[in-house]
Amino acid sequence: MQNPYWSSFVKNLVPYTPGEQPKMHNLIKLNTNENAYNISPKVLESIKEHTNNTLKLYPDPTAQELCEALAHLHDVHPNQVFAGNGSDEVLGFAFHALLKHKKPVLFPDITYSFYPVYCNLYNINYKTIPLTDDFRIDLKKYNAENACGIVITNPNAPTGLILNKKIIQHYLETHPEQIILVDEAYIDFGGESVIPLIQYYPNLLIIRTFSKFHAFAGLRVGYAIGNSELIEGIRRVKDSFNSYPLDRLAQIGAIASIKDIQWSINNAQKIIQNRQYLIKNLSELGFKILNSKSNFIFASYPKLSAEFLAKQLRKENILVRHFNTKRIQNWLRITIGNETECQTLYKTINEIISIY
Ligand SMILES: *Cc1c(COP(=O)(O)O)cnc(C)c1O
């Protein structure tokens, strides 16, 4: 579609395609990595309690109280924290503020597909580096002399594979000139965060989301942690765009969720158990599954195409994510559901593959 009122910029824009959010009921929705369990009841109580006439007033533009709670949680200083409307927004601000230079930014060929979209939106020069044949990120291939920085998702999406902290630290140590942006959207499902390293490396920025670990996808809260000057750069972009990205209820809810962090930790443990159940049982059926540290698995079945399998699952009201992209065409990204959902998924897959 083209429209005469569109700017030439919009005509050439290629937006990100989010996973489907269908209106159908009775769906087992394993396609967008939402949390399998509910938001903490204390979050809901707190939001209800604050649903009153204070909503006619603008929220705190800096989300100071939330930043303080996050600083306390991660043992950093509040001026090392920036909070925004979901990590997608925080990532957008960070790309704009820190990665727009003459030299390109580097990221893997297979990773969160929003990164090239931000680059196109902000006219940022970028280059992709192929994952190894077994889908790992090999930082030795990131020849950063010719780059302004690198972006990695850790654990990576959609593979679920993690790079350990030592390897990232070595890279930081040997590349002081480059920004290292680590998207830790899934770190709470079994990985080790690099947040403690910000005290030693002023070039490290970590991006986090409440959507997965805190089950907040519908409330939109994300944040960045790093050296206070990097945070100030991001704040400048935010204040040139929208002073109030986080509404009152999202701020209140996020603070309540941090106070009740044990709720999310318990749910993450259940998700890890369900992940082990699926990895074990689907492997026994002949699936190839990468060693995920996320709330999803990346799986391939040698005898049936991933696209076909996704279609068959859909007929049974189970949604999973298939990317029609080179190298991963024959893989499915399957979000880890609750116990019942995982059992139903296993049973249904077992039935499908016994027919074909
Ligand atoms: C889900 C996801 C995000 C987006 O999180 P929101 O806070 O919901 O915007 C960012 N990065 C990665 C790698 C994700 O998987």
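Quantities reported herein were computed from a predicted structural model and do not represent experimental measurements.

Quick notes on the rules
Residues numbered from 1 in each chain as written. Predicted model: local features only at pLDDT ≥ 70, side-chain atom pairs only at ≥ 80, totals over all residues. Heavy atoms only, no water. Buried < 20%, exposed > 50% of the residue type's maximum accessible area, 1.4 Å probe, protein only. Helix = DSSP H or I, 4+ residues; strand = E, 2+ residues; numbered from the N terminus. Arc of directions from axis to C-beta. Contact = heavy atoms within 4.5 Å. Pairing = 2+ DSSP bridges. Near = heavy atom within 4 Å. Polar contact = N/O pair within 3.5 Å; in protein donor to acceptor, adjacent residues only side chain to side chain. Areas by Shrake-Rupley, 256 points an atom, 1.4 Å probe, with all protein chains shown as cover. Nonpolar A, V, L, I, M, F, W, Y, C, P; charged D, E, K, R; others polar. Axes fitted to C-alpha atoms, helices over the stretch in contact; angles between N-to-C directions. Parallel < 35°, antiparallel > 145°, perpendicular 65-115°, else oblique. Domains from an automatic or database assignment. Buried area = accessible area lost by both parts, 1.4 Å probe. Salt bridge = Lys/Arg side-chain N within 4 Å of Asp/Glu carboxyl O.

So, helix α6 (residues 165–174)
- Within α6 the residues assigned to the buried category are Lys165, Ile168, Tyr171 and Leu172. One side of α6 holds all its buried residues, which, seen down the axis, span an arc of 125°. For α6, the exposed residues lying more than 90 degrees away from the buried face are Lys166, His170 and Glu173.
- Turning to α6, the residues buried within the fold contact β5 (149–153), β6 (179–183) and β7 (204–209).

Examining the pairing of strand β10 (residues 296–300)
- The buried fraction of β10 is high, at five of five residues.
- Burial along β10 is two-sided: the face carrying Phe296, Phe298 and Ser300 and the face carrying Ile297 and Ala299 are both buried.
- Relative to β10, strand β9 (residues 288–289) is paired through two bridges, and the arrangement is antiparallel. By the bridge assignment, Lys288 is partnered in β10 with Ser300.

Structural notes on the site of the ligand
- Around the ligand there are 13 residues in total, and Ser87, Tyr186, Thr209, Ser211 and Lys212 lie nearest to it.
- Interatomic distance of 2.7 Å between a side-chain N/O atom of Asp183 and a nitrogen atom of the ligand.
- Here an oxygen atom of the ligand sits 3.0 Å away from a polar atom, N or O, in the side chain of Lys212.
- For the ligand, the accessible surface in isolation is 380 Å², of which the surrounding protein chains cover 92%.
- Ranked by residue count, the leading element in the shell around the ligand is helix α4 (residues 86–98), at four residues.
- Class assignment of the residues belonging to the shell around the ligand gives a composition of four nonpolar, five polar and four charged.

Some points on the packing of α4 against helix α7 (residues 228–238)
- Taken N-terminus to C-terminus, the directions of α4 and α7 make an angle of 105°; their axes are 8 Å apart at the nearest point. The orientation of α4 with respect to α7, classified from their angle, is roughly perpendicular. Counting all contacts with α4, which are made through Phe93, Ala94, His96, Ala97 and Leu98, the residues of α7 involved are Leu230, Gly233, Ile234, Val237 and Lys238.
- In terms of residue class, the contact of α4 with α7 is built from seven nonpolar, two polar and one charged.

Notes on the domain arrangement of the chain
- Considered domain by domain, the chain is made up of domain 1 (8–38 + 262–355) and domain 2 (43–260).
- The partner domain 2 presents 33 residues to the 32 residues of domain 1 that form the contact.
- Carbon and sulfur atoms make up 64% of the surface buried where domain 1 meets domain 2, a total of about 2,500 Å² over both sides.
- Ranking the residues of domain 1 by area buried against domain 2 places Tyr16, Lys293 and Arg327 at the top, with a combined share of 29%.
- For the pair domain 1 and domain 2, the interface holds one salt bridge.
- Remark: the boundary between domain 1 and domain 2 carries ten residue pairs in polar contact (both at pLDDT 80 or more).
- Of the residues forming the side of domain 1 that touches domain 2, the biggest block, eight residues, is contributed by helix α9 (residues 261–284).

A look at the pattern of salt bridges
- As enumerated under the stated definition, the model contains eleven salt bridges in all.
- For the salt bridge of Lys165 with Glu192, the shortest nitrogen-to-oxygen distance reads 3.4 Å. Of this pair, Lys165 sits in helix α6 while Glu192 sits in the loop between β6 and β7, placing them 27 residues apart in sequence.
- Assessed through its relative accessible area of 18%, Lys165 is described here as buried.
- With its nearest N and O atoms 3.5 Å apart, the salt bridge here joins Lys280 to Glu284. In this pair, Lys280 and Glu284 both sit in helix α9, four residues apart, roughly one turn of the helix. In this pair, the class of Lys280 matches that of Glu284, namely exposed.
- Several salt bridges share partner residues, and in doing so they unite Glu184, Asp188 and Arg208 into one network.

Section: the environment of Ile162
- Mapping Ile162 onto the fold places it in the loop between β5 and α6.
- Classification of Ile162 as partly exposed rests on a relative accessible area of 32%.
- Along the sequence, Ile162 and Asn291 sit 129 residues apart, while their C-alpha atoms lie 8.6 Å from each other.
- With sequence-adjacent residues up to four places away left out, Ile162 is seen in contact with Asn154, Pro155, Ile187, Gly191, Glu192 and Lys293.

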